[in-house]
Amino acid sequence: MKSSIFHCNVIELNKINNRAGNMSFVENAKNIPFDIKRVYYIYDVPGGSDRGGHAHKNLEQYVIAVSGAFDVLLDDGTNKKIVRLDRPYMALHIQKGIWRETRNFTSGSVCMVMASEEYNIEDYIDDYAQFIHFKQR
Ligand code: TYD
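Here is a short report on the structure shown in this document. (Residues numbered from 1 in each chain as written. Predicted model: local features only at pLDDT ≥ 70, side-chain atom pairs only at ≥ 80, totals over all residues. Heavy atoms only, no water.)

Observations regarding the site of the ligand
Definition in use: Residues are counted as near a molecule or strand when any one of their heavy atoms sits within 4 Å of it. Any N or O atom pair separated by 3.5 Å or less is treated as a polar contact, with the protein-specific requirement of one donor-capable and one acceptor-capable atom, and with residues adjacent in sequence counted only for side-chain atom pairs. Method for areas: the Shrake-Rupley scheme with a 1.4 Å probe, in which residue coverage is limited to the protein chains shown. Each residue is assigned to one class: nonpolar for Ala, Val, Leu, Ile, Met, Phe, Trp, Tyr, Cys and Pro, charged for Asp, Glu, Lys and Arg, and polar for all the others, Gly among them.
In the vicinity of the ligand, the residues found are Arg 38, Tyr 40, Ile 42, Arg 51, Gly 52, His 54, Tyr 119 and Tyr 124. At a separation of 2.8 Å, an oxygen atom of the ligand approaches a polar side-chain atom of Arg 51. Between Tyr 124 and the ligand, the recorded distance is 2.6 Å, taken from a side-chain N or O atom to an oxygen atom. In the complex, the protein chains occlude 58% of the 530 Å² of accessible area that the ligand would expose alone. In terms of residue class, the shell around the ligand is built from 4 nonpolar, 2 polar and 2 charged.

Structural notes on the pattern of salt bridges
To be explicit about the condition: Criterion for a salt bridge: a side-chain nitrogen of Lys or Arg within 4 Å of a carboxyl oxygen of Asp or Glu.
Counting across every chain of the model gives 6 salt bridges. Of the charged contacts in the structure, one is a salt bridge between Asp 86 and Arg 87, with a shortest N-O distance of 3.9 Å.

Quick look at the structure:
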């Protein structure tokens, strides 16, 4: 099955509310459908800035705006959509084979990514024309 933006959904994580602060959590095999191999986060992004696009051949991920907000443009080669992430308890599933761009970061925002694979430069498609070619195989 070719991956589609229509399978890239936002899930709402558990939230424990407390006067002294709220908490959300992510657990392998409970609320996400893959084993997390790696977590990374992007911070110190200048307000209003965008980060360049790429796709992954095999890696899938969940993305959370743990602080602040940003937009994620998703593109499966046929359809596109933009998802605004602005709540620390919302997680966007980006399937494999989806072109993504992150845009409009608010100042001080933090983008946390939970990935299904270890870092592998060979898994990246950085060029949009190559991505379209990959989707048409
Ligand atoms: P990248 O995934 O391209 O992030 P973005 O599309 O948001 O800019 O990663 C940026 C750079 O960081 C790229 O040169 C690869 C490197 N990198 C690592 O070395 N290890 C990692 O785990 C990740 C995610 C990126």
